[in-house]
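A closer look at the structure
These are the residues of each chain, in order.
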Amino acid sequence: MVTKRENSISGTETPLAPGSTAESVDDDDNPFRPPKDLRAEDESDKRNSGISFSIKGMAGRTDSSAPHRPAPLAAPRTRKEIVVRKRLKPKPKLTGDFATSDSVYYRKTGNESVVGSGTYGKVYKAVHVYTGDKVALKKIRMEGERDGFPVTAIREIKLLQSLNHTNVVKLQEVMVERNDCFMIFEYLSHDLTGLLNHPSFALTEGHKKDLAKQLFEGLDYLHKRGVLHRDIKAANILVSRNGELKLADFGLARFYNKNAKLKQDYTNRVITIWYRSPELLLGETQYGPAVDIWSAACVLVEIFTKHAIFPGDGGEINQLDKIYNVLGTPSRTNWPGIVDLAWYELLRPAHKVASTFAEKYQERVSPAAFDLLSAMFVFDPDTRPTASDVLEHPYFTTEEPKAKQVVELKDLEGDWHEFESKALRKEKEREARRKDKESMEKRKLEGPMGDERELKRVKTGDAQA
Ligand code: ADP
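Overview of the overall build of the chain
In terms of helices and strands, the chain carries 14 helices and 13 strands. Here the chain, with 465 residues, has 27% of them falling under the buried criterion.

With respect to the pairing of strand β5 (residues 122-128)
For β5, a buried count of five out of seven residues is recorded, marking the element as mostly surrounded by other parts of the structure. Taken together, the two bridges between strand β3 (residues 105-106) and β5 define a ladder with antiparallel strand orientation. Paired with Tyr 106 across the two strands is Val 127, which belongs to β5. By the bridge criterion, three bridges tie strand β4 (residues 114-117) to β5 in an arrangement that is antiparallel. Paired with Val 114 across the two strands is Tyr 124, which belongs to β5. The hairpin turn running from β5 into strand β6 (residues 134-139), its antiparallel successor, is five residues long, and Gly 132 in that turn takes a positive phi close to 80°.

Some remarks on the confidence of the model for the chain
The predicted coordinates ought not to be read in detail in places where the model reports low pLDDT. Summarising the model, the chain shows a mean pLDDT of 83, and 80% of its residues fall at 70 or more. For residues 1-27, every residue scores under 50 in pLDDT, and the model assigns this stretch 23 contacts once sequence neighbours within four places are set aside. A low-confidence stretch, residues 450-465 (pLDDT under 50), is modelled with five contacts involving residues beyond four sequence positions or located in other chains.

Notes on the nonpolar core
Leu 215, Ala 296, Ala 297, Val 299 and Leu 300 are the most contacted members of the largest nonpolar core, which has 83 residues in total. Counting contributing residues per domain, this core is built from domain 1 (121-186) and domain 2 (190-419), each supplying no fewer than three. Once residues lying within four places of it in the same chain are set aside, the contact partners of Leu 300 are Ala 212 and Leu 373.

Looking at the sheet that holds strand β9 (residues 190-191)
Spatial ordering of the open sheet is given by β9-β11-β12, a layout of three strands whose pairing is antiparallel. Here the strands that pair on one side only, and so sit at the sheet edges, are β9 and β12 (245-247). Inspection of the sheet shows β9 paired to strand β11 (residues 237-239) by two bridges, in the antiparallel sense. Counterpart to His 190 in the pairing with β11 is Val 239.

Focus: helix α6 (residues 205-224)
A turn of α-helix holds 3.6 residues, and therefore any two residues three or four places apart point the same way. Taking 1.5 Å of rise per residue, 20 residues should cover 28 Å, and α6 covers 28 Å from first to last C-alpha, within 8% of that figure. Of all 20 residues in α6, 14 are buried; the element is thus mostly enclosed. Phi turns positive, to about 80°, at Gly 226, one or two residues after α6.

Things to note about unusual backbone geometry
Residues apart from glycine generally show negative phi values, whereas peptide bonds are mostly found in trans. Omega for the bond connecting Glu 400 with Pro 401 falls within 30 degrees of zero, at -5°, which places this linkage in the cis form. Looking at the element boundaries, Pro 401 is found in the loop between α13 (394-397) and α14 (418-460). Of note in the backbone geometry, Lys 306 takes a positive phi value of approximately 70° without being a glycine. Counting through the fold element by element, Lys 306 comes out in the loop between α8 (290-305) and α9 (316-327).

Section: the packing of α8 against helix α11 (residues 367-376)
To describe two helices that pack against each other, one gives the angle between their axes and the distance between the axes. Between α8 and α11, the shortest axis-to-axis distance is 9 Å and the interhelical angle comes to 150°. Here α8 is positioned roughly antiparallel relative to α11, judged by the angle of their axes. The way α8 lies across α11 gives a crossing that is left-handed. Of the residues in α11, those touching α8 at Ile 293, Ala 297, Leu 300, Val 301 and Phe 304 are Ala 369, Leu 373 and Met 376.

Focus on the packing of α6 against α8
Orientation of α6 relative to α8, taken along the N-to-C sense of each, is 165°, at an axis distance of 10 Å. Taken together, the axes of α6 and α8 are roughly antiparallel relative to one another. For the pair α6 and α8, the sense of crossing is right-handed. From α6, Lys 208, Leu 211, Ala 212, Leu 215, Phe 216 and Leu 219 reach across to α8, where they touch Asp 292, Ala 296, Val 299, Leu 300, Ile 303 and Phe 304.

Some thoughts on α8
Over its 16 residues, α8 runs 23 Å from end to end, which matches the ideal 22 Å to within 8%, given 1.5 Å per residue. Of all 16 residues that make up α8, 14 are buried, and the element is covered over most of its length. Remark: Lys 306 follows α8 within two positions and exhibits a positive phi of approximately 70°.

Overview of the environment of Leu 192
For Leu 192, the location among the structural elements is in helix α5 (residues 192-196). Counting along the chain gives 224 residues from Leu 192 to Trp 416, while the straight-line C-alpha distance between them is 8.4 Å. Beyond its immediate chain neighbours, meaning those up to four positions away, Leu 192 contacts Ala 234, Ile 237, Val 239 and Val 299.

Reading guide: rules and limits
- Residues numbered from 1 in each chain as written.
- Predicted model: local features only at pLDDT ≥ 70, side-chain atom pairs only at ≥ 80, totals over all residues.
- Helix = DSSP H or I, 4+ residues; strand = E, 2+ residues; numbered from the N terminus.
- Buried ≥ 20, exposed ≤ 12 C-beta atoms within 10 Å, placed from the backbone.
- Pairing = 2+ DSSP bridges.
- pLDDT = per-residue confidence, 0-100.
- Contact = placed C-beta atoms within 7 Å.
- Core = buried A, V, L, I, M, F, W, Y, C linked by C-beta atoms within 7 Å.
- Domains from an automatic or database assignment.
- Expected span 1.5 Å × (residues − 1).
- Axes fitted to C-alpha atoms, helices over the stretch in contact; angles between N-to-C directions.
- Parallel < 35°, antiparallel > 145°, perpendicular 65-115°, else oblique.
- Left-handed = near helix turned anticlockwise from the far one by under 90°.

Below you can see the structure in the form of structure tokens.
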């Protein structure tokens, strides 16, 4: 029968040597010794104090039949540890608005810091209070979301995290602050809509070529990684103060299977309608990178002329009309696949029209640029060039002038996004309306005499003064 053994500490103390203290014996300063409360057995054993072990129920028996004392416990093993203590950096002192900011990303209150307002919510300009780096905070709109965090935002975040290219905007982090969730991006001072609508800043031919080149380099990267952007337009193309271009807004982007034998179905309700390709407008759901090439070609026209090439009224039928009015109606010869499209019969044009593209654009752009645009604005998506084909075009490789980065932007005052240019346009319209109203009221006050005087002035030629 196995007898259960019980360790019991007798509590008998060995008298200390005269003059020595418990502290000096314990050598409490030794950092390699276990703390006092953990070494009672060890210490008493070392001093050979009277720890007695007894078999349960036999305590106190002193006869020779008592079991042997077990071997003294080994001293606990100790290990040398080098502790490197880092001196904490003193917290930088914040001043002014940064000191009172309740977020690490300081932004001006109200609408003052808004630089964009889109499908998801607002985009704010902000500054990291410690590093001073500028960032764009894109607030994720949660209103009306019944299923928690919006899946579109998750898709955008996942996609952005997998991308790393100089011509793609960088997502730095995602932040939850109080009840709001933000995507934090590097900040770029302009977008193409803002820049192209600037009241005085004009791009040279070299600048335009450089922006176009960066646009297709960004697209080439995305398409090679199997990503369709699906919302290429001027407002989603950011430009930094030193002329770097970056594709932004991946809210509609998705991975596509480049090697799939069977094409997958995607929604065709993508891409802002002015930039939407004819195959999407005719109901195609099995599309590829050619849809981004069409949109990029539309952007290229805007870079060259400052005007949108197909500014429709927002409806699909009208958008197709705009396209046909410039490029002529498509035929089975130039687009064999057109007959298979879902809405081909439904949206069949009533009569054929010829292309006016050359008439409209040949004189406005360089010969190579015209040739490149003509190659991209083909109806059949299978014959549209890829982004890497575009970069090989003589417009980029041989035609003068060469691409030149818009470094001059560093001297441009203010930030120019679609948001600011819209606000400026609205302000101008308001001003014009106010002036109209004022002059009407003035005329009313002056009465018929005033009108007569006005008439007289016109007659005598004073009005020209
Ligand atoms: P949405 O998906 O809501 O349309 P976007 O990502 O397109 O939002 O952003 C809307 C606008 O905000 C853009 O047109 C651009 O002017 C501005 N914006 C977006 N990201 C940045 C950024 N990183 N830096 C500066 N401005 C930005």
